[in-house]
Amino acid sequence: MDKYESRSAVTGMGMSEVGRRLMRDPLALTFDACLAAIEDAGLTREDIDGVCTYPGTVGGAPGISGAAAWDVMDALRLDVKFFNSGLEQAGQLGSIAAAMLAVSAGLCRHVLCFRTVWEATYTQLQRTGKVRYSGGGGRMGGDQQWRIPYGAASAANWIALYCSRYMHEYGLTREQLGQIALNGRRNAALTDYAIYTEPMTLEDYLGARIVSTPFGLYDCDVPCDASVAFIISHIDTVKDSRRGTGVGFEAVGTGNHERVSWDQGDIRYEPGLLGAAQMMWSRTDLRHEDIDMLQLYDGFSFNALCWLERLGFCAEGEAGDFLEGGARIARDGELPLNTNGGQLSAGRLHGYGFLHEACVQLLGEAGARQLPNQPQTAIATSGGGVPGSAFLLRKL
Amino acid sequence: MKRPLPQLTDSNRFFWTAGEHGKLRFLRCTDCANLIHPPVPICGKCLSTRQEVVEVSGRATLAAFTVNHQMWIPSIEPPYIIALVEIEEQPDVRLTTNIVGCAESELVIGMPLAVEFEHYEDVYLPVFRPLGMGQRQPGEGA
Ligand SMILES: [Zn+2]
């Protein structure tokens, strides 16, 4: 199969400091990550001819978008042939697929991709009155009008509804679901940048305050400040990159065939995953037994469970049994999951963290948390209630 | 501080003000009778653009629920029950709503519900109560 995925690779990764309430300008975090990624690829800014990001300029919730494509293009004086951003992509990593397309089409040789969040600091600035709270008072338009007036104001509520339905249909228990959170916390203990590293027991998990049934505090990821960046390079340039190798794209799923809606589709699962999962598998001969690790979006514990099933690692309704006891998804298990701790414990790097962790593991650069059996393949996903994306990656 | 309310427009006013007459209303495709929600000026099933507003029974089925314990909006005091309900006439039409008049322990997925309305300013929010659990008396506040 001649496919666009084979014409590009990740040649550089960069990550800013990660923390709660760093009180740093999100542009500063962004430049730290971007410059680190450019250097990591063995490039200079003159080599960068494309910029892609998620979500770029957005209204309403600026904490989720710390820098736009234009900010980076202008500040770094980049000379680009292609750039884009936006919320309406296949998850946060849809911006990586856009970069791959630009490279594959011959527009670009090296696209800089980044994702910057500064939710922790932004919330603190709101609390202290340093930025004006813009969410109150006005009437709700658009899609929000169908949920916010009922106090269904958070993705915690919307995704808890699916989880409650899934539990009703398939008998999933909180103890089983909690394995995703416990696994993340165990893994985060080895991650230098993780937010939550102190050990957590099943009792801690079950005893945490309830946010929205069946979700307790540790089913919900932790907002943070961070920027993560990648260089997506043409495959022909990889041999000249700093490492002389990189991480290749075996197959990417960016499809969606569900309602784009929080309540009108299949309410047993987080929506927007199945099309991406099926499309990814349709573009490769690799199969489940060929996959060495999973980096699955876990904005909530249940999101990762949905990916496990939608990707076909267990049959419909069987994720609870799959997760039972947690051994299968552990670092030394048959299918290590979220080896940096995921968003639940490492922090909400918002999609980009999963690709970053897949890359450092595949390149053997994960340090203390490097998996004992050097992985050759990985799946990284993004999404979170919006239509998602699935990336099957392999070491070149 | 007030509860956040929908911005009424020519496209959604029929829905958010239907409670004035105690009825739940949806858009319906004139050609294939598909109920269309959220309101959009085309039918997703047959692509007809001919549509009309119709009243439905107000009965629904509880499809999923969560009890929210965290305060997100200062005017809406937790805990409260958020639900997905499926409209009797066409179960693939769902509303995200609140369940009233019922304790968490009494909720069962699949239970029958009936609509009632909470009136705020010019908006009537459809909420649902389990059938047979006592309708709100006239004059009782929202
Ligand atoms: Zn129709």
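Calculation criteria
- Residues numbered from 1 in each chain as written.
- Chains lettered and ligands numbered in written order.
- Predicted model: local features only at pLDDT ≥ 70, side-chain atom pairs only at ≥ 80, totals over all residues.
- Heavy atoms only, no water.
- Helix = DSSP H or I, 4+ residues; strand = E, 2+ residues; numbered from the N terminus.
- Rg over C-alpha atoms; globule rule 2.2 N^0.38 Å.
- Buried < 20%, exposed > 50% of the residue type's maximum accessible area, 1.4 Å probe, protein only.
- Areas by Shrake-Rupley, 256 points an atom, 1.4 Å probe, with all protein chains shown as cover.
- Lys, Arg positive; Asp, Glu negative; His and termini not counted.
- Charge placed at Lys NZ, Arg CZ, Asp CG, Glu CD.
- Contact = heavy atoms within 4.5 Å.
- Buried area = accessible area lost by both parts, 1.4 Å probe.
- Salt bridge = Lys/Arg side-chain N within 4 Å of Asp/Glu carboxyl O.
- Core = buried A, V, L, I, M, F, W, Y, C linked by side-chain atoms within 4.5 Å.
- Donors = N, O, S within 2.8 Å, 3.2 Å for Na, K, Ca; no water.
- Tetrahedral: all angles 85-135°; square planar, octahedral: opposite > 155°, others 65-115°.
- Pairing = 2+ DSSP bridges.
- Phe/Tyr/Trp six-rings, centres within 6.5 Å; stacked < 30°, edge-to-face > 60°.
- Axes fitted to C-alpha atoms, helices over the stretch in contact; angles between N-to-C directions.
- Patch = residues over 30% accessible without salt bridge, like charges linked within 9 Å, V, L, I, M, F, W, Y side chains within 5 Å.

Caption draft 1: Structural view of the overall build of chain B. Across its full length, chain B carries one helix and eight strands. Secondary structure elements of chain B, listed N to C terminal, follow the sequence α-β-β-β-β-β-β-β-β. The C-alpha radius of gyration of chain B comes to 16 Å, within 12% of the 14 Å expected for a compact globule of 142 residues. Based on the C-alpha atoms only, the size of chain B along its principal axes is roughly 40 × 35 × 30 Å. A total of 142 residues make up chain B; the buried ones form 51% of that total. As displayed, chain B has an accessible area near 6700 Å², and 51% of this comes from carbon and sulfur atoms. If you average the places of the 12 positive and of the 17 negative side-chain charges in chain B, the two averages end up 4 Å apart.

Caption draft 2: Expanded view of the interface of chain A and chain B. Between chain A and chain B, the residue contacts involve 31 residues of the former and 44 residues of the latter. Of the roughly 3200 Å² buried between chain A and chain B on both sides combined, carbon and sulfur atoms contribute 55%. Linking chain A with chain B are two salt bridges. Taking the shortest distance from any N to any O, the salt bridge between A:Arg139 and B:Asp122 comes out at 2.9 Å.

Caption draft 3: Just the nonpolar core, in detail. Counting 109 residues, the largest nonpolar core has A:Ile96, A:Phe230, A:Ile232, A:Phe302, A:Leu311 and A:Ile379 as the members making the most contacts within it. For this core, the element with the most residues is helix H5 (residues 155-170) of chain A, which contributes nine residues. Look past the residues within four positions of A:Ile232 in its chain and what remains in contact with it is A:Ser8, A:Ala9, A:Val10, A:Ile96, A:Ala99, A:Met100, A:Val103, A:Arg109, A:His110, A:Val111, A:Cys113 and A:Phe249. In terms of nonpolar packing, the next biggest core, distinct from the first, is built from 41 residues, B:Phe15, B:Ala60, B:Leu107 and B:Val127 among them.

Caption draft 4: Focus on the coordination of the zinc ion. Residues and elements named next belong to chain B. Around the zinc ion, the protein contributes the donor atoms Cys 29 (SG), Cys 32 (SG), Cys 43 (SG) and Cys 46 (SG), at 2.3 to 2.4 Å from the metal centre. Taken together, the four donor atoms coordinating the zinc ion span angles of 103 to 116 degrees at the metal, a pattern that classifies the geometry as tetrahedral. Mapping the donors of the zinc ion onto the primary sequence yields the spacing C-x2-C-x10-C-x2-C. Separated by 14 residues along the polypeptide, Cys 32 in the loop between strand E1 (24-29) and strand E2 (35-36) and Cys 46 in the loop between E2 and strand E3 (51-56) bring together distant segments of the chain. Taking the relative accessible area as the measure of exposure, Cys 32 reaches 35% and is therefore partly exposed. Using a relative accessible area of 36% as the deciding quantity, one classes Cys 46 as partly exposed.

Caption draft 5: Representation of the pairing of strand E6 (residues 90-98) of chain B within the structure. All names here are of chain B. Taken across its nine residues, E6 has seven buried, putting it largely inside the fold. In the sheet, strand E5 (residues 80-87) pairs with E6 via six bridges, with the strands oriented antiparallel. Its bridge partner lying in E6, Ile 82 is registered against Asn 98. With antiparallel pairing between neighbouring strands as the criterion, E5 and E6 make up a hairpin whose turn holds two residues.

Caption draft 6: Spatial organisation of the packing of aromatic side chains. Under the defined criterion, the tally for this structure stands at 15 aromatic pairs over all chains. With a centroid separation of 5.2 Å and an interplanar angle of 20 degrees, the aromatic rings of A:Trp146 and B:Trp16 are classed as stacked. With one member in each of two chains, A:Trp146 in the loop between helix H4 (119-127) and H5 and B:Trp16 in helix H1 (residues 13-16) form a pair that bridges those chains. In this pair, the class of A:Trp146 matches that of B:Trp16, namely buried. A centroid spacing of 6.5 Å and a plane angle of 40 degrees characterise the contact between A:Tyr150 and B:Trp16, whose relative ring orientation is tilted. Highlighted residues: A:Tyr150 in the loop between H4 and H5 and B:Trp16 in helix H1, drawn from two different chains. The class of A:Tyr150 is buried, set by a relative accessible area of 2%.

Caption draft 7: Structural detail: the sheet that holds strand E4 (residues 110-118) of chain A. All names here are of chain A. Sheet architecture is open: nine strands sit in the order E3-E2-E4-E7-E1-E8-E11-E10-E9, paired in mixed fashion. The two strands at the open ends of the sheet, each matched to only one other strand, are strand E3 (82-84) and strand E9 (294-295). In the sheet, strand E1 (residues 8-15) pairs with strand E8 (residues 247-253) via two bridges, with the strands oriented antiparallel. Note on E8: the bridge partner recorded for Ala 9 is Gly 248. Where helix H1 (residues 26-40) meets the sheet, it contacts E1, E4 and strand E7 (225-234), and its direction lies at approximately 30 degrees from that of E7.

Caption draft 8: Representation of a nonpolar patch on the surface in the model. Residue and element names in this part refer to chain B. Residues Val 40, Ile 42 and Leu 47 make up a contiguous nonpolar surface patch of roughly 250 Å² in combined accessible area. As for its placement among the helices and strands, Val 40 is situated in the loop between E2 and E3. With relative accessibility at 38%, the residue Val 40 sits in the partly exposed group.

It is worth stressing that arrangement in space is one thing and function is another; only the former is reported here.
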